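Architecture and fold: a report
Next come the chains, spelled out residue by residue.
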Amino acid sequence: MQVKAPRGTYDILPDQVHKWHYIEEVLKGTAELYGYREVRTPIFEHTELFERGVGESTDIVTKEMYTFSDKSKRSLTLRPEGTASCARAIIEHSLYNGLLPVKWYYTGPMFRYDRPQTGRYRQFHQFGVEAFGSTSPYLDAEVILLLVEILNRLGLSEFELHLNSVGCPSCREEYRHKLIQHITPVKDGLCKDCQVRYQQNPLRVLDCKVATCHEAITGYPTLSEYLCGECRDHYAIVRETLEQNGVKYIHDDNLVRGLDYYTKTAFEVHIPDIGAQSAIGGGGRYDGLVRDCGGPDLPGIGFALGIERLLLAVESLKSSCVRPVGIEAFVTVMDDKYELQAARLVNELRQAGIRTDKDYSGKSARAQMKYAAKLGAYLTLFVGDEEINGDFITIRDMQSKKQEQVARDHITDHVKLLLQNY
Ligand code: AMP
């Protein structure tokens, strides 16, 4: 039987990978512009880290983790998200004693066991930023401005930014009671998951993807009414800073996000054009996370963007800046006996930084030309009797079909000059 890639995973083939490079460059370039530096953490961690850092009542932990025992019977989990790993690394390397805030970004594969569909995979890729060590609301605004700048640079200006404050443990406690009181009489109308979790974490009902849950709790009290003074002021500064920087947002009382560690600011970005899975990223403040992971009381804020969904959005724009990287020059060998000279020429061009290729399957000169065209070469360089005897190379511009003879000694400089037109 043919072995295929596991369900929910896929290959990124070379004719698609340029789009990834383009998006990754924009992501990294923008993050670095804002003073964030890259961190790379392991793909798998101790299961306990995600149980603590993501929250035991979340869908991610209860249903979606790829957990396995290794040969020493340790329980390990393929990372479902990046924030908990960053918190662990901060604690492990005692970075809370150093320069604060620690401003990091990461990018790479994440793993969640969910029903695959367009825009939802079991191995998917996220880009995220995290800033640890400051409670300033201006930092919340910076992180959101960074997210907005990324979208603008990708040409995705048609997004919706949803914003809310989920309060702090003290104001949330009162709200929790009010919400439980509101939900209890109508609990039979909730989905099975919410019937179980509403007592422990009623905010999850607001976050539930099942539409009937929202209908059942209609008229529910909103968290904004219960924010304490500090959370209210914090939220006001975040909103004011965004407004002053021309960022439009929608205050969204339903936005509570699925993870337990969020405090105060929560946000999510949607691009309605990309279909059912329109959330391309989200984040928020998580002042309790580092402590929950066994570290000191170190506040934090961050977000994660799904790269697959960014890609869907960028593709729907048919963005002209996304071009595959092909070869620039192709060396056509007119006769087998000149293979050695052709190999030298190819090597010389490559060493001069020119993306060059040749044929390795004994094609005729005509077939090599077709091959060069398929590879997208701008120039073809011929090595045949005439060229070897006359110590020159014939160069053909594949677009204009013009040919010229160039002295062998000047070839790389001349090719570079011609490539400036492309
Ligand atoms: P989350 O960590 O759940 O807040 O997700 C942040 C972003 O990651 C989402 O907005 C999506 O763009 C992306 N994402 C999350 N889960 C998946 C998935 N299973 N497949 C593809 N993208 C995902």
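Coordinates for the structure precede this section.
The structure presented is a predicted model; accordingly, all values stated were derived computationally and were not measured.

A word on helix 10 (residues 229–244). Its 16 residues give helix 10 an end-to-end C-alpha distance of 22 Å, which sits within 8% of 22 Å, the value for a rise of 1.5 Å per residue. Listed as buried for helix 10 are Cys-231, His-234, Tyr-235, Val-238, Thr-241 and Leu-242. With its buried residues spanning 130 degrees around the axis, helix 10 presents them on a single face. In helix 10, those exposed residues whose orientation departs by more than 90 degrees from the buried face are Asp-233 and Gln-244. Looking at the buried residues of helix 10, the elements they touch are helix 5 (137–153), strand 7 (160–165), helix 6 (169–183), strand 8 (250–251), strand 9 (263–270) and strand 10 (279–285). Just beyond helix 10, the residue with positive phi is Gly-246, at close to 75 degrees.

Quick look at the pattern of salt bridges now. Under the counting rule described, the total for this entry stands at 25 salt bridges. When the shortest N-O distance is used, the salt bridge between Glu-38 and Arg-40 registers 2.9 Å. Among the residues examined, Glu-38 registers a relative accessible area of 29% and is labelled partly exposed. Put simply, Arg-285 and Asp-140 hold a salt bridge, and the shortest N to O gap is 2.7 Å. Placement of Arg-285 in strand 10 and of Asp-140 in helix 5 is noted, with a sequence separation of 145 residues between them. Note on Arg-285: relative accessible area 0%, which makes it buried. When salt bridges with common partners are traced through the structure, they connect Asp-59, Lys-63, Asp-193, Arg-197 and Arg-204 into a single cluster.

Here eight strands make up an open sheet; going across it, the order is 1-5-6-11-10-9-7-8 and the pairing mixed. The strands lining the two open edges of the sheet, one partner per strand, are strand 1 (37–38) and strand 8. Relative to strand 5 (residues 102–111), strand 1 runs parallel, the two being bridged by two bridges. Of the residues in strand 5, the one forming a bridge with Arg-37 is Trp-104. Taken strand by strand, helix 10 contacts strand 7, strand 8, strand 9 and strand 10, and its axis lies near 160 degrees from that of strand 7.

Reading across from one edge, 13-12-14-15-16 is the order of the five strands in this open sheet, with mixed pairing throughout. Two strands in the sheet have a free side with no partner beyond their single neighbour: strand 13 (356–358) and strand 16 (403–407). Neighbouring strand axes in the sheet, compared pairwise and without regard to direction, differ in orientation by 30 degrees on average. The pairing of strand 14 (residues 379–383) with strand 15 (residues 392–397) spans four bridges and is antiparallel. Following the sheet pairing, Phe-382 is matched in strand 15 by Thr-394.

In this description, an aromatic ring pair is defined by two values, namely the gap between the centres and the angle between the planes. Counted according to the given criterion, the structure contains 10 aromatic pairs. Here the aromatic rings of Phe-44 and Phe-68 are separated by 6.3 Å at their centres, their planes lie at 75 degrees, and the arrangement is edge-to-face. With Phe-44 in strand 2 (residues 44–46) and Phe-68 in strand 3 (residues 66–69), this pair connects stretches of sequence that are 24 residues apart. Cation over ring: Arg-122 sits above Tyr-113, and NZ or CZ is 4.1 Å from the ring centre. One residue, Lys-358, lies across the ring of Tyr-360, its end atom 4.5 Å from the ring centre.

The rules we used
- Every residue gets a number counted from 1 within its own chain, in the order that chain's sequence is written.
- Owing to the predicted nature of the model, reporting of local features is limited to residues with pLDDT of at least 70; listing and counting of side-chain atom pairs is limited to 80 or more, with chain, interface and lining totals taken over all residues.
- The side-chain figures draw on all heavy atoms in the structure; neither hydrogens nor water molecules are used.
- Only DSSP runs of H or I with at least four residues qualify as helices, and only runs of E with at least two residues qualify as strands; both kinds are numbered from the N terminus onward.
- Here the expected length of a helix is defined as 1.5 Å per residue gap, with one fewer gap than residues.
- Relative accessibility decides the category of a residue: with a 1.4 Å probe and only protein chains considered, values under 20% of the type maximum give buried, values over 50% give exposed, and everything between is partly exposed.
- The directions from the helix axis to the C-beta atoms are what the arc is built from.
- What makes two residues a contact is simply this: any of their non-hydrogen atoms within 4.5 Å.
- The term salt bridge refers to a pairing of a side-chain nitrogen on Lys or Arg with a carboxyl oxygen on Asp or Glu at a separation within 4 Å.
- Here, a strand pair is defined by DSSP locating no fewer than two bridges between the strands.
- Lines fitted to C-alpha atoms define the axes here, with helix axes fitted over just the stretch in contact, and angles between the N-to-C directions of these axes take values from 0 to 180 degrees.
- The aromatic pairing rule takes the rings of Phe, Tyr and Trp, using the six-membered ring of Trp, and pairs them if the centres are within 6.5 Å, calling planes under 30 degrees apart stacked, those over 60 edge-to-face and the rest tilted.
- For a ring to carry a charge above it, either NZ of a lysine or CZ of an arginine must fall within 6 Å of the ring centroid while also lying within 35 degrees of the normal to the ring plane.

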